[in-house]
Amino acid sequence: MGEFFKWEYVITLFPKVLSALPTTLLIVLFATLIGAAIGLLIAYLRIEKVPVLSQLCIVYVSFVRGTPILVQMFIVFYGLPSLLGSIGIDLSQWEKIYFIYITYGLNAAAFFSEIFRSSLLSVPASQYEAAASIGLTKGQTYRRVLIPQASKIAMPSLGASIINLLQDTSLAFSLGILDVMGKVQTLGALYYRVMEGYFIAAVIFIVLSIGLEQLFGLIEKKYRYPKRSKKSIKTPILPNGKKLLLLPNGKNKVN
């Protein structure tokens, strides 16, 4: 490849780019936690059709899903300090990474909310009715009955959404964040070697994406095929020493 691409620069730059990986992973982690919490709340408000709040959630989800995350990033970075500054809250001392966490968290919340909402609606209505018949409150029904079942349905889509979130973090360098892509840009300007940096970033993102895909595949498999207990069912023994046999027809026989 000549001067266009040199492997020695790949070897030299790889550890430097890899040092920025924790920043990228932290963005994904905080965005997932924020997105899951807010997304679940939005899904609940829309399913229960809470007046005013459910309509606001629809507008919010439509806005986030209909605009590029880069636009959302600058709205949060410039708009949030101005908005909170009008009520006396000063964000001038905040680091840029906090605005990145908020942006990606709010973005993930919109997509997660649709996943959670469709998954909760996929749970048979009989489950809700059964929970109500035994006296569970609405909160207990969601926490103990609906959410555990919906999580199994949501897992594949949730995994794909988090992988997309990982790839979207490549835009965080637009605010000067030294994540993987930010490091590539910096090293490219320093060493005048751009292709090697992009190649390293591609390798890192591919490995992470495959790793996350395998992780969610294992979780999904565990949900679908729970491990069966290897313990054998012991035949009940009566006080007189005789065994109680359980027959297929539902009747018991003393042996």
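No experiment lies behind these values; they were computed from the predicted model shown.

A word on the overall build of the protein. Scanning the protein for helices and strands turns up nine helices and two strands. Of the regular secondary structure in the protein, the N- to C-terminal order runs α-α-α-α-α-α-α-α-α-β-β. Scored against the burial criterion, the 255 residues of the protein give a buried share of 33%. Within the protein, counting contacts between residues at least 6 apart in sequence, those at least 24 apart form 71% of the total. Counting only carbon and sulfur atoms, one obtains 65% of the accessible surface of the protein, whose full area is about 15900 Å².

Once that is clear, we can look at the packing of helix α6 (residues 125–133) against helix α7 (residues 138–168). Their axes nearest at 10 Å, the elements α6 and α7 cross at an angle of 145 degrees. As α6 packs across α7, the resulting crossing turns out to be right-handed. Facing Gln-127, Tyr-128 and Ala-131 of α6, the residues of α7 in contact are Lys-138, Thr-141, Val-145, Leu-146 and Gln-149.

Another aspect to go through is a nonpolar patch on the surface. A grouping of Phe-4, Val-194, Met-195 and Tyr-198 is seen on the molecular surface, where their side chains present a nonpolar patch of about 380 Å² in accessible area. With respect to the element layout, Phe-4 can be found in the segment before α1 (7–18). The exposure class assigned to Phe-4 is exposed, which follows from its relative accessible area of 56%.

This brings us to helix α4 (residues 69–85). Its 17 residues place the ends of α4 23 Å apart at the C-alpha level, agreeing with the 24 Å of an ideal helix rising 1.5 Å per residue. Along α4, the largest kink reaches about 35 degrees and is centred on Gly-79; proline Pro-81 follows within four residues of it. Those residues of α4 not exposed but buried are Ile-69, Gln-72, Met-73, Val-76 and Phe-77. Those residues of α4 that are buried lie in contact with α3 (53–66) and α5 (96–122).

Along its 12 residues, α1 runs 16 Å from first to last C-alpha, staying within 8% of the 16 Å computed at 1.5 Å per residue. Within α1 the residues assigned to the buried category are Val-10, Leu-13 and Val-17. Projected down its long axis, α1 shows its buried positions confined to an angular sector of 90 degrees, all on one face.

The next point concerns the nonpolar core. Val-17, Ile-27, Ile-100, Tyr-104, Phe-112, Val-180 and Ile-204 are the most contacted members of the largest nonpolar core, which totals 42 residues. Listed by contribution, the elements that provide at least two residues to this core are α1, α2 (21–47), α4, α5, α7, α8 (180–191) and α9 (195–224). The leading source of residues in this core is α5, at nine residues. Ignoring any residue separated from it by four or fewer positions in sequence, one finds Tyr-104 in contact with Ile-27, Ala-31, Ile-69, Met-73, Leu-165, Asp-168, Thr-169, Leu-171 and Ala-172. Counting eight residues, the second largest nonpolar core, distinct from the first, contains Ile-47, Ala-131, Tyr-142 and Leu-146.

Turning our eyes to something else, we now look at unusual backbone geometry. A positive phi angle, close to 50 degrees, is found at Lys-49, a residue other than glycine. Mapped onto the secondary structure, Lys-49 falls in the loop between α2 and α3. Among the residues examined, Lys-49 registers a relative accessible area of 64% and is labelled exposed. Unusually for a residue other than glycine, Tyr-192 sits at a positive phi of about 60 degrees. Within the secondary structure layout, Tyr-192 lies in the loop between α8 and α9. By relative accessible area, which is 73% here, Tyr-192 ends up exposed.

So, about the environment of Ala-43. Relative to the helices and strands, Ala-43 is located in helix α2. Residues Ala-43 and Phe-116 lie 73 residues apart in sequence; the distance between their C-alpha atoms is 6.1 Å. Beyond its immediate stretch of four places on either side in the chain, Ala-43 contacts Ser-113, Phe-116 and Arg-117.

For the rest of this paragraph, the subject is the confidence of the model for the protein. As a note on interpretation, predicted positions should not be read in detail where pLDDT is low. A residue-level look at the protein finds 87% of positions with pLDDT of 70 or above and a mean pLDDT of 86. Throughout residues 244–254 the model reports pLDDT below 50, and contacts reaching past four residues in sequence, or to other chains, amount to 18 contacts.

Cut-off values and rules
Residues numbered from 1 in each chain as written. Predicted model: local features only at pLDDT ≥ 70, side-chain atom pairs only at ≥ 80, totals over all residues. Heavy atoms only, no water. Helix = DSSP H or I, 4+ residues; strand = E, 2+ residues; numbered from the N terminus. Buried < 20%, exposed > 50% of the residue type's maximum accessible area, 1.4 Å probe, protein only. Contact = heavy atoms within 4.5 Å. Areas by Shrake-Rupley, 256 points an atom, 1.4 Å probe, with all protein chains shown as cover. Axes fitted to C-alpha atoms, helices over the stretch in contact; angles between N-to-C directions. Left-handed = near helix turned anticlockwise from the far one by under 90°. Patch = residues over 30% accessible without salt bridge, like charges linked within 9 Å, V, L, I, M, F, W, Y side chains within 5 Å. Salt bridge = Lys/Arg side-chain N within 4 Å of Asp/Glu carboxyl O. Expected span 1.5 Å × (residues − 1). Bend = angle between axes of the 7 residues up to and from the residue. Arc of directions from axis to C-beta. Core = buried A, V, L, I, M, F, W, Y, C linked by side-chain atoms within 4.5 Å. pLDDT = per-residue confidence, 0-100.

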